[in-house]
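# Observations on the model geometry
Residue-level listing of the chains:
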Amino acid sequence: MENGTVYNETTEPEAKKPRCPHFGCTLQHLWGWRLPVKAVQTIFSFVAVICEEIVEDCSTCSGLYFFEFTSCSAFLLNLLILCVYCTDMYKALGEDKVQKL
C-alpha cells in the first residue's frame, strides 16, 4: 500500500469525438435496393404535390383535396423516414422505437 499501486486515478481525460465529415449521414441502415426505392417514392410524392398545385379549376374538388392530403402526407412521411434512417437519429431513438414508428 505504500507504493501507491492501490490508489490509481479513476478518471480519464475525456477524449473528443472525431468530427464527422458527413454531418451524421450514414447509409448503413438503409442499404441495397431500399434506398433507391425510398428516394423514388419521395420524388414521386413531391411531383404529385406539384401536379396538384398546378390545377386551377375543378368541378368537384373533394377528390382533388383528398389527393392533395395523401400526396403531401406521403411526401412528408418519406422525408421523415429518410431522415431517421440516413442520419444518427436511428441510433439516438433506438431500433425498437424506430420499428414501432
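Definitions and limits used
- Residues numbered from 1 in each chain as written.
- Predicted model: local features only at pLDDT ≥ 70, side-chain atom pairs only at ≥ 80, totals over all residues.
- Heavy atoms only, no water.
- Helix = DSSP H or I, 4+ residues; strand = E, 2+ residues; numbered from the N terminus.
- Buried < 20%, exposed > 50% of the residue type's maximum accessible area, 1.4 Å probe, protein only.
- Contact = heavy atoms within 4.5 Å.
- Areas by Shrake-Rupley, 256 points an atom, 1.4 Å probe, with all protein chains shown as cover.
- Phe/Tyr/Trp six-rings, centres within 6.5 Å; stacked < 30°, edge-to-face > 60°.
- Expected span 1.5 Å × (residues − 1).
- Core = buried A, V, L, I, M, F, W, Y, C linked by side-chain atoms within 4.5 Å.
- Patch = residues over 30% accessible without salt bridge, like charges linked within 9 Å, V, L, I, M, F, W, Y side chains within 5 Å.
- Salt bridge = Lys/Arg side-chain N within 4 Å of Asp/Glu carboxyl O.

## Things to note about the overall build of the protein
Counting its secondary structure elements, the protein contains four helices and zero strands. Listing each helix as α and each strand as β along the protein from the N terminus yields α-α-α-α. Counting across all 101 residues of the protein, residues that qualify as buried make up 21%. In the protein, the share of contacts with a sequence separation of at least 24, taken over all contacts with a separation of at least 6, comes to 63%. Accessible surface, the protein as shown: approximately 8,800 Å² in total, 64% of it carbon and sulfur.

## A closer look at the packing of aromatic side chains
With the rule as written, the count across this model stands at one aromatic pair. Judged by centre distance (5.2 Å) and plane angle (40°), the ring pair of Phe46 and Phe75 falls under tilted. A residue pair is termed long-range when its members are at least 10 positions apart, and Phe46 in helix H1 (residues 34-54) and Phe75 in helix H2 (residues 62-85) qualify at 29 residues. Overall, Phe46 belongs to the partly exposed group, its relative accessible area being 42%.

## Regarding H2
Taking 1.5 Å per residue, 24 residues should reach 34 Å; H2 reaches 34 Å between its end C-alpha atoms and fits that length. Of the surrounding secondary structure, the elements contacted by the buried residues of H2 are H1, helix H3 (89-93) and helix H4 (95-100).

## A few points about the nonpolar core
Counting seven residues, the largest nonpolar core is built from Leu30, Leu82, Val84, Tyr85, Cys86, Tyr90 and Val98. Ranked by residues supplied to this core, first place goes to H2 with three residues.

## Points about a nonpolar patch on the surface
Together, Val40, Ile43, Phe44 and Val47 line one region of the surface with nonpolar side chains, adding up to about 390 Å² of accessible area. Following the sequence through the fold, Phe44 ends up in helix H1. Exposure remark for Phe44: the relative accessible area of 59% places this residue in the exposed category.

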